Amino acid sequence: MRIYTRSGDKGQTSLVYGKRVPKNHLRVEAYGTCDEANSVIGLALGFLDKEDWDGKDDFLEQMHRVQTILFHVGSELSTPKDKEVTWKLKEAHIKEMEKQIDEWDQHLEPLKNFILPSGHSTSGALHHARTVVRRAERMAVGLGDELENDLVLSYLNRLSDFLFVAARYVNKKVGVEELTLKVDI
């Protein structure tokens, strides 16, 4: 199988089940933005060193799980309405992420101010991924009735929270202080 097909050379692409749409179709933008977020998460994880902290493997396992589910969210977004989704997001996936958020949050100082995306490179990249996920969420909202599974919106919303807490957790584990927003600029 070749990596190039030439079928998109005129600005069209195929959704799941073969329906052709323009590459700037909102559905394509939504799943493409999920792909972008997934890539930024992968970049973030690449910044971690083996020596960063004990238990890092559990963190990586959670992040890889989220990347896998996010890939499937993209699949749902690329499936036209009224077509069968090959892998459907479930409430349990959201609950699993909420449980992890709560677990990591127990190790963090309560927020008293807004924090600035900063710190360890992994943390900064996770904040970047969070903003990309927010964009994917806005695009998915734009699909309205074309979105078959409302859990996609819930998952993307929770994923941005997950990435926010993950970024803070990384800074805590590697001993980097968070920068807070200064009101007196």
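Preceding this paragraph is the structure being described.
Residues numbered from 1 in each chain as written. Predicted model: local features only at pLDDT ≥ 70, side-chain atom pairs only at ≥ 80, totals over all residues. Heavy atoms only, no water.

Enquirer: Can you walk me through the layout of surface pockets in this structure?
Expert: A probe matching the size of a water molecule, rolled over the atoms, marks out where space remains unfilled. Approximately 280 Å³ is the volume attributed to the largest pocket. Along its surface, the largest pocket is lined by 15 residues, and Glu 109, Pro 110, Ile 115, Arg 168 and Glu 178 are the ones closest to its centre. Looking at the lining of the largest pocket element by element, the count peaks at three residues for helix H5 (residues 151–174). When grouped by side-chain class, the residues that make up the lining of the largest pocket number five nonpolar, four polar and six charged. A volume near 220 Å³ is recorded for the second largest pocket. If you trace the second largest pocket, you find it lined by Ser 14, Val 16, Tyr 31, Gly 32, Cys 34, Asp 35, Asn 38, Leu 70, Phe 71, Gly 74, Ser 75 and Ser 78. Put simply, the parts of the chain that give the lining of the second largest pocket at least two residues each are helix H1 (26–46) and helix H2 (56–77). (1 Å grid on protein atoms, 1.4 Å probe; cavity = no way out; pocket = protein on both sides within 12 Å on 5 of 7 lines; lining within 4 Å. Points joined across faces, edges and corners; volume = space filled by probe spheres on them. Helix = DSSP H or I, 4+ residues; strand = E, 2+ residues; numbered from the N terminus. Nonpolar A, V, L, I, M, F, W, Y, C, P; charged D, E, K, R; others polar.)

Enquirer: Explain the packing of H2 against helix H3 (residues 91–105) here, please?
Expert: A pair of packed helices is captured by two measures, namely the crossing angle of their axes and the spacing between those axes. As a packed pair, H2 and H3 sit with axes 12 Å apart at the nearest point and diverge in direction by 150°. Put simply, H2 runs roughly antiparallel to H3. The crossing of H2 and H3 is left-handed. Of H3, the residues touching H2 (which contributes Phe 59, Gln 62, Met 63, Arg 65, Val 66 and Ile 69) are His 93, Glu 96, Met 97, Gln 100 and Trp 104. (Axes fitted to C-alpha atoms, helices over the stretch in contact; angles between N-to-C directions. Parallel < 35°, antiparallel > 145°, perpendicular 65-115°, else oblique. Left-handed = near helix turned anticlockwise from the far one by under 90°. Contact = heavy atoms within 4.5 Å.)

Enquirer: Explain the pattern of salt bridges here, please?
Expert: For side chains of opposite charge, pairing can occur when their charged atoms come near one another. Here the structure, examined in full by the defined rule, presents nine salt bridges. The partner of Arg 135 in a salt bridge is Glu 36, with the nearest N and O atoms 3.1 Å apart. Of this pair, Arg 135 sits in helix H4 (residues 121–142) while Glu 36 is found in helix H1, placing the two residues 99 residues apart along the sequence. For Arg 135, a relative accessible area of 27% corresponds to the partly exposed category. With a closest N to O distance of 3.7 Å, Arg 134 and Asp 161 form a salt bridge. Linking Arg 134 in helix H4 with Asp 161 in helix H5, this pair joins segments that are 27 residues apart in sequence. Overlapping salt bridges bring together Lys 95, Glu 98 and Arg 158 as one network. (Salt bridge = Lys/Arg side-chain N within 4 Å of Asp/Glu carboxyl O. Buried < 20%, exposed > 50% of the residue type's maximum accessible area, 1.4 Å probe, protein only.)

Enquirer: It is not clear to me how empty space enclosed by the protein should be interpreted in this structure. Could you clarify?
Expert: Counting across every chain of the model gives one cavity of 30 Å³ or more. Looking at the largest cavity, its volume works out to about 50 Å³. What lines the largest cavity is simply Gln 62, Arg 65, Val 66, Ile 69, His 93, Glu 96, Met 97, Tyr 155 and Phe 162. Of all the secondary structure elements, the ones that give two or more residues to the lining of the largest cavity are H2, H3 and H5. Considering each element in turn, the lining of the largest cavity owes the most residues, four residues, to H2. Tallied by class, residues from the lining of the largest cavity come to five nonpolar, two polar and two charged.

Enquirer: Is there a simple way to think about the packing of aromatic side chains in this case?
Expert: Note on aromatic pairs: each is described by the distance of the centres and the angle between the planes. The final tally for this structure, using the stated rule, is six aromatic pairs. Relative to Phe 162, the ring of Trp 104 has its centre 5.0 Å away and its plane inclined at 45°; by these criteria the two rings are tilted. Of this pair, Trp 104 sits in helix H3 while Phe 162 is found in helix H5, placing the two residues 58 residues apart along the sequence. The pair formed by Trp 104 and Phe 162 is uniform in burial state, with each residue classed as buried. Judged by centre distance (5.3 Å) and plane angle (20°), the rings of Trp 104 and Tyr 169 are stacked. (Phe/Tyr/Trp six-rings, centres within 6.5 Å; stacked < 30°, edge-to-face > 60°.)

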